[in-house]
Amino acid sequence: DINLNSPNKGLLSDAMTDVPVDSAASARTSAPEGLTLAEEEELRSELAKVEEEIGTLRQVLAAKERHCGELKRKLGLTPLDGLKQNLTKSWHDVQVSNAYVKTSEKLGEWNDKVTQSDFYKKTQETLSQAGQKTSAALSNVGSVISRKLGDMSSYSIRHSISMPAMRNSATFKSFEDRVGTIKSRVVGSRENSTDGLHSPSGAGDKPPQDNAPF
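Every value quoted in this text rests on a predicted model; they were computed, and no experiment measured them. (Residues numbered from 1 in each chain as written. Predicted model: local features only at pLDDT ≥ 70, side-chain atom pairs only at ≥ 80, totals over all residues. Heavy atoms only, no water.)

Undergrad: I'd like to hear about the overall build of the protein, residue by residue, with values.
TA: Across its full length, the protein holds seven helices and zero strands. In the protein, the succession of α and β elements from N to C terminus is α-α-α-α-α-α-α. Put simply, the protein shows about 20,000 Å² of open surface, and 59% of that area lies on carbon and sulfur atoms. (Helix = DSSP H or I, 4+ residues; strand = E, 2+ residues; numbered from the N terminus. Areas by Shrake-Rupley, 256 points an atom, 1.4 Å probe, with all protein chains shown as cover.)

Right, here's the structure in full:
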């Protein structure tokens, strides 16, 4: 606290009156080298106007964004739709950009150089020949398999057709007759031997003699 009854109050007042007070000078920094005071004042005035315009544009942009959000809400558009639209627009901007166009042109030139080179042509011819040989080999294998299947089908058909014809032939019938005759003879001889074993001849006609003494 300042004591007004202090004996040093005159000295404090004299010290304060010796300090010059210039608010404008104290607020203003030293001018950069190469600029006059008039140029500095002009640049500061222009900076203040630009900052004011930036603030105004920010307010306008915020109001526009709110209005845009209300319109999207009324139309039923979701944030996902907005993201898709932004991505589509960004991709379109990339496609029409100079960097993308130049890169596409460079890639096209490299593609032309590669396809027209001797190494590429030789490789393409080699692959084409290999493909033709593979196709020919597969075609040959298919032909062999088809021929084998055809032969098997023909043999099966001939076999199914020849069996009834062979059974109806005179030779097959004669063979069947002979087999039947032999079978009947064998069966008849077996029956006769079985009857002879069970009933011997003359055993049941004569009664047994009784030689016992009276």
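Undergrad: Summarise the pattern of salt bridges; cite the residues concerned and give the values.
TA: Pairing is possible between side chains that carry opposite charge, provided their charged atoms lie close to one another. This structure, assessed with the given rule, holds two salt bridges. For K89, the salt bridge is made with D93, and the minimal N-O distance between the two is 3.3 Å. Here K89 pairs with D93, and both are found in helix 4 (residues 79-95), just four residues apart, close to one helical turn. (Salt bridge = Lys/Arg side-chain N within 4 Å of Asp/Glu carboxyl O.)

Undergrad: Talk me through the UniProt feature "coiled-coil region" (unreviewed entry) in the protein; I want residue IDs and the actual numbers.
TA: With numbering matched to this structure, UniProt assigns "coiled-coil region" (unreviewed entry) to residues 40-67. Between the C-alpha atoms that bound residues 40-67 the distance is 41 Å, and the span itself is 100% helix and 0% strand. (UniProt positions renumbered as here; feature names shortened; annotations may be inferred.)

Undergrad: Describe helix 3 (residues 37-75), with residues and values.
TA: For helix 3, with 39 residues, the first-to-last C-alpha span of 57 Å sits near the 57 Å given by 1.5 Å per residue. Of the residues flanking the end of helix 3, it is G76, one or two places downstream, whose phi is positive at about 80 degrees. (Expected span 1.5 Å × (residues − 1).)

Undergrad: So what's going on with the packing of aromatic side chains? Residues and values would help.
TA: Within the structure shown, the criterion is met by one aromatic pair. Ring geometry for W91 and Y100: centres 5.9 Å apart, planes at 75 degrees, overall edge-to-face. (Phe/Tyr/Trp six-rings, centres within 6.5 Å; stacked < 30°, edge-to-face > 60°.)

Undergrad: Hey, could you go over a nonpolar patch on the surface for me, with residue numbers and the actual values?
TA: Residues W91, V94, Y100 and V101 make up a contiguous nonpolar surface patch of about 340 Å² in total accessible area. When residues of the nonpolar patch are traced back to their parent elements, those giving at least two are helix 4 and helix 5 (98-115). With respect to the helices and strands, the residue V101 is situated in helix 5. (Patch = residues over 30% accessible without salt bridge, like charges linked within 9 Å, V, L, I, M, F, W, Y side chains within 5 Å.)

Undergrad: Explain the confidence of the model for the protein to me, and be specific about the residues and the numbers.
TA: Where the model shows low pLDDT, its predicted coordinates should not be examined in detail. In the predicted model, the protein carries a mean pLDDT of 75, and 66% of its residues have values of at least 70. The low-confidence segment residues 11-17 (pLDDT under 50) makes one contact with residues lying over four places distant or belonging to another chain. A low-confidence stretch, residues 21-27 (pLDDT under 50), is modelled with zero contacts involving residues beyond four sequence positions or located in other chains. (pLDDT = per-residue confidence, 0-100. Contact = heavy atoms within 4.5 Å.)

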